[in-house]
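# Structure at a glance
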Amino acid sequence: MARRGAPGKGVSAPGRGASTRKRSERHQEPVAVTVDGGLAELVPDRERPHAWTLLLDGAPQSHVDLDEPSYLSFEYQRRLGHVIDLAAPPNQPLQVLHLGGGAFTMARYIAATRPRSTQQIVEIDAALVQLVRRELPLDPQARIRVRSVDARAGLGKIQDGWADLVVADVFSGARTPAHLTSAEFLADVRRVLKPGGQYAANLADGPPLAHLRGQVATAASLFPELALAADPTVWRGRRFGNAVLVASDRPIAVAELTRRVASDPHPGRVEHGRALADFTGGAAVVTDEGARPSPAPPPGAFS
């Protein structure tokens with residue numbers, strides 16, 4: 001779930017076959033299909049010949065360019081892209097677990113920018129997976145496995161210390177399910193991360209930012225290093241929007257992340273350390289027993 005930001009520069013991915021381009025050329029009209037999570041719509045990007053936006057029940061979920069999968073349009077996807085870029089030296093392959101699939105945008109980005117990476121996508125909506133595979137096919141050379149199970153159940157199947165990076169972008173409609181907001185969930189995330197691995201989550205909240213404060217407090221109970229990137233108007237509690245949380249057991253490249261987020265077409269702000277701890281305002285750690293879904297966006301949030 002996202003607000004769409006202005007486009008940024010990308011690097012063309014290698015190995016895009018003519019068959020994929022021909023397939024996309026046959027589908028330049030919107031596609032609408034009922035999936036498990038509601039009405040899924042694929043809307044063509046009129047400014048980019050083979051790019052599409054995925055919406056679920058009217059809420060924008062993902063944007064993907066089949067010809068240039070390293071191109072990231074949505075603000076939150078660009079911020080996740082910065083985290084991925086800084087997770088290891090350039091071109092170094094990663095082992096990545098994606099909780100939530102959408103249009104597989106971030107998995108495509110990693111396959112394009114870090115060839116030979118091994119990735120697993122956990123997406124509960126099997127009908128959505130089928131739609132995306134059919135209309136927006138993955139590069140057959142990419143090492144990406146997709147499993148249609150609940151995100152937390154899929155997480156539980158991953159072996160200890162497997163992942164360099166866990167990316168969480170899970171929304172049921174426009175809300176993160178309650179069982180993916182707790183300390184118990186994050187303890188399992190930390191279990192599957194390698195030492196020095198990172199957790200990156202797309203979160204959404206609006207005034208008074210109670211959900212976001214609780215998620216930061218919960219992550220701080222499991223990870224010693226945190227950073228949070230968001231639009232300044234979201235930080236000030238003036239509108240509903242996305243924030244990207246990064247957590248690790250080792251120092252995060254905060255200075256470079258801050259620079260990259262600030263230089264985006266829609267600049268954001270990164271907080272960490274004492275400032276981020278102060279932001280939580282004494283918020284309680286979320287547990288399975290008291291977990292609640294993230295708040296629903298207000299009407300017109302994505303208009």
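Residues numbered from 1 in each chain as written. Predicted model: local features only at pLDDT ≥ 70, side-chain atom pairs only at ≥ 80, totals over all residues. Heavy atoms only, no water.

Moving on: the packing of helix H7 (residues 210-220) against helix H10 (residues 273-280). Contact geometry for H7 and H10: axes closest at 8 Å, N-to-C directions at 125°. By the angle between their axes, H7 is oblique relative to H10. The handedness of the crossing between H7 and H10 is left-handed. Taken together, the residues of H10 that come into contact with H7 (itself represented by Leu212, Arg213, Val216 and Ala217) are Leu276, Phe279 and Thr280. Class assignment for the residues of the contact of H7 with H10 results in five nonpolar, one polar and one charged. (Axes fitted to C-alpha atoms, helices over the stretch in contact; angles between N-to-C directions. Helix = DSSP H or I, 4+ residues; strand = E, 2+ residues; numbered from the N terminus. Parallel < 35°, antiparallel > 145°, perpendicular 65-115°, else oblique. Left-handed = near helix turned anticlockwise from the far one by under 90°. Contact = heavy atoms within 4.5 Å. Nonpolar A, V, L, I, M, F, W, Y, C, P; charged D, E, K, R; others polar.)

Taking 1.5 Å as the rise per residue, helix H2 (residues 75-86) with twelve residues should run 16 Å; its terminal C-alpha atoms sit 17 Å apart, in good agreement. Of all twelve residues making up H2, ten are buried, and the element is well covered by its neighbours. Among the residues making up H2, those that are buried are Glu75, Tyr76, Gln77, Arg78, Arg79, Leu80, Gly81, His82, Val83 and Ile84. (Expected span 1.5 Å × (residues − 1). Buried < 20%, exposed > 50% of the residue type's maximum accessible area, 1.4 Å probe, protein only.)

Another aspect to go through is the packing of aromatic side chains. Aromatic ring pairs are defined here through the distance separating the ring centres and the angle between the ring planes. Overall, the coordinates contain four aromatic pairs when judged by the stated rule. Relative to Tyr199, the ring of Phe185 lies with its centre 6.5 Å away and its plane at 75°, an arrangement referred to as edge-to-face. You can see Phe185 sitting in helix H6 (residues 183-192) and its partner Tyr199 sitting in strand S9 (residues 193-205), a full 14 residues away along the chain. Here Phe185 and Tyr199 have matching classes, each one buried. Both rings, one in Tyr199 and one in Phe223, keep their centres 6.4 Å apart while their planes meet at 10°; by these two values the pair is stacked. Within this pair, whereas Tyr199 is found in strand S9, its partner Phe223 is found in the loop between H7 and strand S10 (225-230), the two being separated by 24 residues in sequence. According to the relative accessible area criterion, Phe223 is buried, its value standing at 3%. Geometry around Tyr71 places Arg48 over its ring, the cationic atom sitting 3.5 Å from the centre. The ring of Phe279 has Arg213 sitting right over it, with the charged end atom 4.5 Å from the ring centre. (Phe/Tyr/Trp six-rings, centres within 6.5 Å; stacked < 30°, edge-to-face > 60°. Lys NZ or Arg CZ within 6 Å of the ring centre and 35° of its normal.)

Here we take up the nonpolar core. Formed by 37 residues in total, the largest nonpolar core has its most connected members in Leu99, Val166, Val189, Tyr199 and Leu228. Looking at this core element by element, the count peaks at five residues for H6. Here Val166 is in contact with Leu97, Leu99, Val189, Val192, Leu193, Gln198, Tyr199 and Ala200, once residues within four sequence places are set aside. One finds Val83, Ile84, Ala200 and Val254 within the second-largest nonpolar core, a separate group that totals 24 residues. (Core = buried A, V, L, I, M, F, W, Y, C linked by side-chain atoms within 4.5 Å.)

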